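# Structural overview
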Amino acid sequence: MRANEHLPIGTGATGTRAESDAIGVIDVPAEHYWGAQTQRSLQNFTIGEDRMPILLYRAYGLVKKAAALVNAASGDLDADLADAIVRACDEVAAGDLDDEFPLRVWQSGSGTQSNMNVNEVVANRASQILGGELGSKRPVHPNDHVNMGQSTNDTFPTAMHVATLLAIRERTLPQLDALADAVRAKAVQWVDVVKIGRTHLQDATPLTVGQEWSGWERQLRDARGRLDASLAAVCELAAGGTAVGTGLNAPEGFGEAVAARLAELTGLPLVTAPNKFAALGSLDGMVAVSAGLRGVAVALMKVANDMRWLASGPRSGLRELRLPANEPGSSIMPGKVNPTQQEATVMVCLQVIGEDSIVAAAGSQGTFELNTMRPIVIGNVLHSARILGDAAEQLRVHSVEGTELDEEGIATHLDRSLMLVTALSPHIGYDRAAAIAHKADHDGSTLKEAAIALGVDEAEFDRIVDPATMVGDPRRDLGL
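Residues numbered from 1 in each chain as written. Predicted model: local features only at pLDDT ≥ 70, side-chain atom pairs only at ≥ 80, totals over all residues. Heavy atoms only, no water.

Turning our attention to the overall build of the chain. Helix and strand counts for the chain come out as 18 helices and 8 strands. Taking 2.2 N^0.38 as the reference for a compact globule, 480 residues should give roughly 23 Å; the C-alpha atoms of the chain span a radius of gyration of 30 Å, well beyond that estimate. Once the C-alpha set of the chain is aligned to its principal axes, its extents read approximately 100 × 50 × 40 Å. The proportion of buried residues among the 480 residues of the chain is 51%. Partitioning the intrachain contacts of the chain with sequence separation of at least 6 by distance along the chain shows that 74% fall at a separation of at least 24. Surface accessibility of the chain: about 21,400 Å² in total, with carbon and sulfur atoms responsible for 51%. Across the chain, the centroid of the 41 positively charged side chains sits 2 Å from that of the 61 negatively charged ones. (Helix = DSSP H or I, 4+ residues; strand = E, 2+ residues; numbered from the N terminus. Rg over C-alpha atoms; globule rule 2.2 N^0.38 Å. Buried < 20%, exposed > 50% of the residue type's maximum accessible area, 1.4 Å probe, protein only. Contact = heavy atoms within 4.5 Å. Areas by Shrake-Rupley, 256 points an atom, 1.4 Å probe, with all protein chains shown as cover. Lys, Arg positive; Asp, Glu negative; His and termini not counted. Charge placed at Lys NZ, Arg CZ, Asp CG, Glu CD.)

Summed over all chains, the structure comprises 26 salt bridges. With its nearest N and O atoms 2.8 Å apart, the salt bridge here joins Glu212 to Lys195. Here Glu212, found in helix H7 (residues 209-230), pairs with Lys195, found in strand E3 (residues 194-199); they are 17 residues apart in sequence, far enough to count as distant. Summarising the burial analysis for this pair, Glu212 and Lys195 share the class buried. When the shortest N-O distance is used, the salt bridge between Arg322 and Asp406 registers 3.2 Å. Placement of the pair is Arg322 in strand E7 (residues 321-322) and Asp406 in the loop between strand E8 (404-405) and helix H13 (407-416), with a sequence separation of 84 residues. By sharing partners, the salt bridges in this structure join Arg171, Arg386, Asp390 and Glu393 into a single network. (Salt bridge = Lys/Arg side-chain N within 4 Å of Asp/Glu carboxyl O.)

What follows covers the confidence of the model for the chain. Of the residues in the chain, 98% reach a pLDDT of 70 or more, and the chain-wide mean stands at 96. Counting interchain partners and residues more than four positions distant, the pLDDT-below-50 stretch residues 1-7 has 13 contacts. (pLDDT = per-residue confidence, 0-100.)

Here strand E1 (residues 16-20) pairs with strand E2 (residues 25-29) via 5 bridges, running antiparallel. Within E2, the residue paired with Ala18 across the bridge is Asp27. Turn length for the E1-E2 hairpin, with the two strands adjacent in sequence and antiparallel, is 4 residues, and the turn residue Gly24 shows positive phi of about 150°. (Pairing = 2+ DSSP bridges.)

Right, here's the structure in full:
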């Protein structure tokens, strides 16, 4: 049987079987591949429903595969055992054994139980492939063979980095790109539509809708770029450091070889960390990536909030945008439609900002040769990466792409704006222009009526106060 063919959903067994670890013997469900240490963690850490992210385990499958290939190439691991381990790891990495990883985030801060969960599942599955009995640790042993040359302290952060890179590169960044492209398309479409600007939530001078949307696009692309740049910090891998960074029980060059294998397997620019003591004792790389995700959340929240404010109405709000009506907005008010995609996006962004605070605090908790806050960090980073990517996709598909202009609302706000008087200021002076604005506001008159009443020539007013001439060069601003 080749790897990934005729894969078992479970072992097919029922009841329990006895497995042992250094503590003693414990019964585990016979239908599963995990062993004693996984079962103890299930019993000892029944805290909430927050399971370790499955992407971490799939990345762990790649880490264990790389280690087996390196150990086989050096002659330290029997070729037949290595082949079975690799096949089992392929199943883990492909997601075929996802149900075998039930542990909570709340466990040993080093992630020992999760590392052993992987070791036990791979060992039992590999033993099964070779005709062995589950739970016997023969012919494949979880520690001696699957964990050869490794420690939780160096493999868990290695799997963290690989999972983070894959999640953000394959999901988060592409969805941010697609959203920025959709925002760009709207900016180009509306490049010449003049509207009133707002600062301090008050009327300001005009700009075009395209210019406004181009600002959103730039924010998103800049935040995306900073997130991408932060990934360099997790391209360095701790593998090879073993327990405290010295590499005890790992052969010379093991870390370099594992990093090279993982780079080959994933296509990622992975290298061995130049200082394993820093790689084990800190979470600085993950903190940097979390900060990059937070930066995306900050930019995305601004866009979502601006959109829902500009769409407020439809009669009594700003009513400059018309968002797609995706679902009814009220259980009591017939016909009401709400900016639900924007609201969901804002909530996602708030969640990411909160999770980043946790990651930063956890990163500060390194003690001596190990930071033991790893599970909560990878849980939060992968969650943030996932929901940001999902929110960007949903906002694009269900709102941005279908958004239209309320041209009547835009024209009304523009015509009534008092800040168009700014164009008069260089010609008649700041104080006189301010007096015109105050008179119009006090009287409820138009700006033109107030200007004429205070001695401005009507023809001069019409020549100078032309909103279309007050927006600069919007096509140049958009690079058109």
